[in-house]
Amino acid sequence: MILAVSTFKNPSSPADGYRGRFAPSPTGPLHAGSLVAALGSWLDARKNGGKWLLRIEDLDTPRCIPGADQQIQAQLLACGLSWDEELTHQSKRQELYQSALGRLNQLKLVFPCCCSRQTIATSLARLGIQTPRNQEMVYPGTCRPNLLESNSPELFNTGAAWRLALPRDCHIEFEDLALGHQSQDLNKQIGDFVLRRNDGLYTYQLAVVVDDAQQGITHIVRGEDLLSNTARQIHLQKVLGYSTPQYLHLPLVLDEHGEKLSKQTLAAQINTQDGQHSLTELRKAAKHLGLKNLPDGKNVSIAEWLLAATHAWKAD
Ligand code: GLU
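These numbers come from a predicted model, not from an experiment.

(A) Region of the structure containing the pattern of salt bridges. Per the stated rule, a full pass over the model turns up 15 salt bridges. Of the charged contacts in the structure, one is a salt bridge between R63 and D60, with a shortest N-O distance of 3.8 Å. By relative accessible area, D60 is classed as partly exposed at 22%. The shortest N-O distance in the salt bridge between R232 and E136 comes to 3.4 Å. Here the residue R232 occupies a position in helix α7 (residues 227-240), and E136 occupies one in the loop between α4 (117-126) and β5 (161-164), the gap between them amounting to 96 residues. A relative accessible area of 52% places E136 in the exposed class. Linked through salt bridges whose partners overlap, the residues forming this network are R21, R55, E57, R93, D211 and D212.

(B) The arrangement of the environment of G297 in detail. Within the fold, G297 resides in the loop between α8 (275-288) and α9 (302-312). With a relative accessible area of 32%, G297 lands in the partly exposed category.

(C) Geometry of the packing of aromatic side chains. One pass over the full model with this rule turns up four aromatic pairs. Here the aromatic rings of F111 and Y139 are separated by 6.3 Å at their centres, their planes lie at 35°, and the arrangement is tilted. Of this pair, F111 sits in strand β4 (residues 110-113) while Y139 sits in the loop between α4 and β5, placing them 28 residues apart in sequence. Pair check on accessibility: F111 and Y139 agree, each one buried. Of note, R163 hangs over the ring of Y139, and the distance from its end group to the ring centre comes to 3.7 Å.

Thresholds, definitions, all that
- Residues numbered from 1 in each chain as written.
- Predicted model: local features only at pLDDT ≥ 70, side-chain atom pairs only at ≥ 80, totals over all residues.
- Heavy atoms only, no water.
- Salt bridge = Lys/Arg side-chain N within 4 Å of Asp/Glu carboxyl O.
- Buried < 20%, exposed > 50% of the residue type's maximum accessible area, 1.4 Å probe, protein only.
- Helix = DSSP H or I, 4+ residues; strand = E, 2+ residues; numbered from the N terminus.
- Phe/Tyr/Trp six-rings, centres within 6.5 Å; stacked < 30°, edge-to-face > 60°.
- Lys NZ or Arg CZ within 6 Å of the ring centre and 35° of its normal.

So, in structure tokens, the structure goes:
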């Protein structure tokens, strides 16, 4: 693998105006929760007179379902949520992630790591740290000493994972447009995180930051389940020299057990078999977003309803 050292910066800067996006992973068709994220981000873009891009986040190939990206596109269009510019697929953008990793390597900010989950759990146990089952383990820095030798590009072929070395003080603060002030101490809560997995796949954290910057995204409106990733992404933006977009995290749709809707919890796909059903799904999503006084008649078209919803959406 040849590591090009890229110097790209945001090609379309925020000065060009509002640019939002919806970035589903094609792990299944849209369900009520993902429609909330799609509708919220679409309305925010339209209300601000901005662009709304669709990016299919299909990097984690073992989790992708063949055909799901087409299904998602058809569902969005059935709900009148059309996107601007060309649809993008992360799987076709590997060189961008490769050059960002190469750049971090030149900056001596990444190191190879061969720790398995078990090794990490054992090191943490030795330090007297127990991680609750549903929580990510904080990386204890086991392979950090590799940082010194990491600038040989050949090392990228060794089957190791690549982690970003955090600075000693890495306390990230930001204002979420919905949730207000947020902060996270990345050393205490996350540790040096993985940018490229040991199977060669680039991680969500790296790809999302590179894509948002490369696509000039100014506003990220997405589900609250992604809130805990935001500090990592802001830190990565800083070290790569990108600007930080505005963030707005939307309330999650929970099932009757209080679990987030997902493919794992067998969430049903939204029903877009005809205009009436699509409108019903949109109405449910809008209710969840707290939108009021929307036309509720049977004869209202999706376009009319979306226009009313855009007016009802709060401006930021
Ligand atoms: N692909 C991610 C997901 O489907 C969303 C990424 C994002 O909006 O930052 O959960």
